[in-house]
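Each chain, written out:
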Amino acid sequence: MQETSTNGGERLQVTVAGDEGSPRLDRVLAARCANLSRSRLKALILAGAVTANGAPVRDPAYHVGAGDSITIDVPEAVPPEPKGEEIPLDIVFEDDDIIVIDKPRGLVVHPAAGHETGTLVNALIAHCGESLSGIGGVKRPGIVHRLDKDTTGLMVVAKNDAAHASLTAQFADHGRTGEMRRGYLAFVWGVPNRQRGTVDAPIDRHPFAREKMAVREGGREAVTHWEIREVFCGRDGKPVASLLACQLETGRTHQIRVHLAHIGHPLLGDSVYGPHFKTKAGHLGPEAQAALSALGRQALHAYLLVLEHPRSGEILHWETALPEDLLLLEKTLRAAP
């Protein structure tokens, strides 16, 4: 592959070898251009920035043959629309390819309606500078997964196209064939009737409340594995809540919250998926009731992240402790009755 500069961008010249595994233009380019993510290549094809033997091609499925000459005009990276903001980040790990943070409660991951500023993306742009430009989309530079606004814990962000492509593939695989793992600690109402289990139930938009997700036939595949870590008793000495360790095999919006509510054990503090369990708080001890009332969010924390480093291939493992509000909830639950 040859590279030349043109109008501030890059012109890539690729000759099809015929051994790329597929004749599709997008797949051939993905095999030959490791520094550009598959989504970026598709966008360039659709934008008319790719030619085959001198003729523009706008179809990602276009078949190429051995010996064909492909030209890709990669425009100069456009600065992301969100502006950098000096927002403190709890950085767990950082190098030239990725950055891992321990996200606090209340921090929205990327700009959206109603949250144009004060997001993790704004903080990352200020921290990383130009290195994030154009990676993964203007509004979500470097973002390969997300946590809900009020869910705390570990997140990884890509700092270049190659890292973005690698992490995207790992998250899509969810540990089926690789080492990727994401673990969550969830404080839930009640106690499941066995030590561990799996929720395999498709998730889609709620049919009436569009801000919610729901288990629905015909939805997208969603699989959550859970295991009981601890059981908490109420004032009457009977089990009232439990701490579950969850691992995701898929990554749907609100997946853990929806799945645990679906099996009758919604998260403590989850006003969206567990509103009918508010009366359960009366079974807690007074200190636990106060801690839950002060929590003001779903009791969910992303405590574990395991992935393969996109450049070195090293398996990296991080764990983070519960934040102070969940530590207090845990302490008071243990103290009851």
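It should be emphasised that the depicted structure is a prediction, and the values quoted were computed from it without experimental measurement. Chains are numbered independently. Their residues run from 1 in the order of the written sequence. Local features in a predicted model are, by the rule used here, given only for residues with pLDDT of at least 70; side-chain atom pairs are given and counted only at 80 or more, and totals for whole chains, interfaces and linings are based on all residues. Think of the side-chain values as coming from all heavy atoms in the structure, minus any hydrogens and water.

Caption draft 1: Quick peek at the environment of Gly 234. Strands here are runs of E lasting at least two residues and helices are runs of H or I lasting at least four, both read from the DSSP assignment and numbered beginning at the N terminus. Structurally, Gly 234 is set in the loop between strand 13 (223-233) and strand 14 (239-248). Put simply, Gly 234 and Gly 285 are 51 residues apart on the chain and 6.3 Å apart in space, counted from C-alpha to C-alpha.

Caption draft 2: Geometry of the packing of helix 1 (residues 25-32) against helix 2 (residues 38-46). Orientation of helix 1 relative to helix 2, taken along the N-to-C sense of each, is 130°, at an axis distance of 10 Å. Here helix 2 runs oblique to helix 1, going by the angle between their axes. Every pair of crossing elements has a handedness; the one defined by helix 1 and helix 2 is right-handed. Taking contact as the criterion, the partners of Leu 25, Asp 26, Leu 29 and Ala 30 in helix 1 are, on helix 2, Arg 38, Leu 41 and Ile 45. Lys, Arg, Asp and Glu make up the charged group, whereas Ala, Val, Leu, Ile, Met, Phe, Trp, Tyr, Cys and Pro make up the nonpolar group; the residues left over, Gly among them, are polar. Residues of the contact of helix 1 with helix 2, tallied by class, amount to five nonpolar, no polar and two charged. For helices, the fitted line uses only the C-alpha atoms of the stretch in contact; every axis is such a line through C-alpha atoms, and the angle between N-to-C directions lies from 0 to 180 degrees. Throughout, the term roughly parallel applies to angles under 35 degrees, roughly antiparallel to angles over 145, roughly perpendicular to angles from 65 to 115, and oblique to all others. We call a crossing left-handed when the near helix sits turned anticlockwise from the far one by less than a right angle, and right-handed when that turn is clockwise. The contact criterion used throughout is that any non-hydrogen atoms of two residues lie within 4.5 Å.

Caption draft 3: Layout of the packing of helix 6 (residues 286-295) against helix 7 (residues 324-335). Their axes nearest at 8 Å, the elements helix 6 and helix 7 cross at an angle of 160°. Relative to helix 7, helix 6 is oriented roughly antiparallel. When the axes of helix 6 and helix 7 are compared, the crossing they make is left-handed. Across the interface between the two elements, Glu 287, Ala 288, Ala 291, Leu 292 and Leu 295 of helix 6 pack against Asp 325, Leu 326, Leu 328, Leu 329, Thr 332 and Leu 333 of helix 7. Across the contact of helix 6 with helix 7, the residue classes tally to eight nonpolar, one polar and two charged.

Caption draft 4: Expanded view of the packing of aromatic side chains. Only Phe, Tyr and Trp rings are paired, with Trp represented by its six-membered ring, and only when their centres lie within 6.5 Å; those with planes under 30 degrees apart are stacked, over 60 edge-to-face, the remainder tilted. One pass over the structure, following the stated rule, counts two aromatic pairs. Relative to Trp 318, the ring of Phe 93 lies with its centre 5.5 Å away and its plane at 50°, an arrangement referred to as tilted. One end of the pair, Phe 93, is in strand 6 (residues 91-94); the other, Trp 318, is in strand 16 (residues 315-319), with 225 residues separating them in the sequence. Each residue is assigned to one of three classes by its accessible area relative to the maximum for its type, calculated with a 1.4 Å probe on protein chains only: buried under 20%, partly exposed between the two thresholds, exposed over 50%. Judged by its relative accessible area of 25%, Phe 93 falls in the partly exposed class. Consider the rings of Phe 187 and Phe 232, whose centres lie 6.1 Å apart with planes at 20°: the pair is stacked. A residue pair is termed long-range when its members are at least 10 positions apart, and Phe 187 in strand 9 (residues 181-189) and Phe 232 in strand 13 qualify at 45 residues. In terms of burial, Phe 187 and Phe 232 fall into one category: buried.

Caption draft 5: Local environment of the environment of Cys 33. With respect to the helices and strands, Cys 33 occurs in the loop between helix 1 and helix 2. A relative accessible area of 1% means that Cys 33 is categorised as buried. Sequence separation between Cys 33 and Thr 279 is 246 residues; the distance between their C-alpha atoms is 57 Å.

Caption draft 6: Region of the structure containing the layout of surface pockets. The pocket and cavity definitions rest on a 1 Å grid over protein atoms only: a 1.4 Å probe that fits but cannot leave marks a cavity, an open set with protein on both sides within 12 Å along at least five of seven lines marks a pocket, and residues lining either have an atom within 4 Å of a point. Grid points are joined across faces, edges and corners, and a volume is the space filled by probe spheres set on the points. In this structure, the largest pocket occupies an estimated 920 Å³ of space. Taken together, 33 residues line the largest pocket, and the ones lying closest to its centre are Val 144, His 145, Arg 146, Gly 251 and Arg 252. Breaking the lining of the largest pocket down by element, the ones donating at least two residues are helix 4 (161-173), strand 9, strand 11 (203-205) and helix 5 (255-262). A per-element tally of the lining of the largest pocket places helix 4 first, with four residues. The volume enclosed by the second largest pocket comes to roughly 750 Å³. Per-element tally for the lining of the second largest pocket: the top contributor is helix 6, with three residues. Within the lining of the second largest pocket, the residues separate by chemical class into twelve nonpolar, eleven polar and ten charged.

Caption draft 7: Expanded view of unusual backbone geometry. At Asn 53, a position not held by glycine, the phi torsion is positive, near 55°. Mapped onto the elements of the fold, Asn 53 is located in the loop between strand 3 (50-52) and strand 4 (55-56).

Caption draft 8: Region of interest: the side chain of Asn 122. Position of Asn 122 among the secondary structure elements: in helix 3 (residues 120-128). Note on Asn 122: relative accessible area 1%, which makes it buried. With residues near it in sequence (within four places) discarded, Asn 122 still touches Pro 82, Lys 83, Gly 84, Glu 85, Ile 87, Pro 111, Glu 116 and Thr 117.

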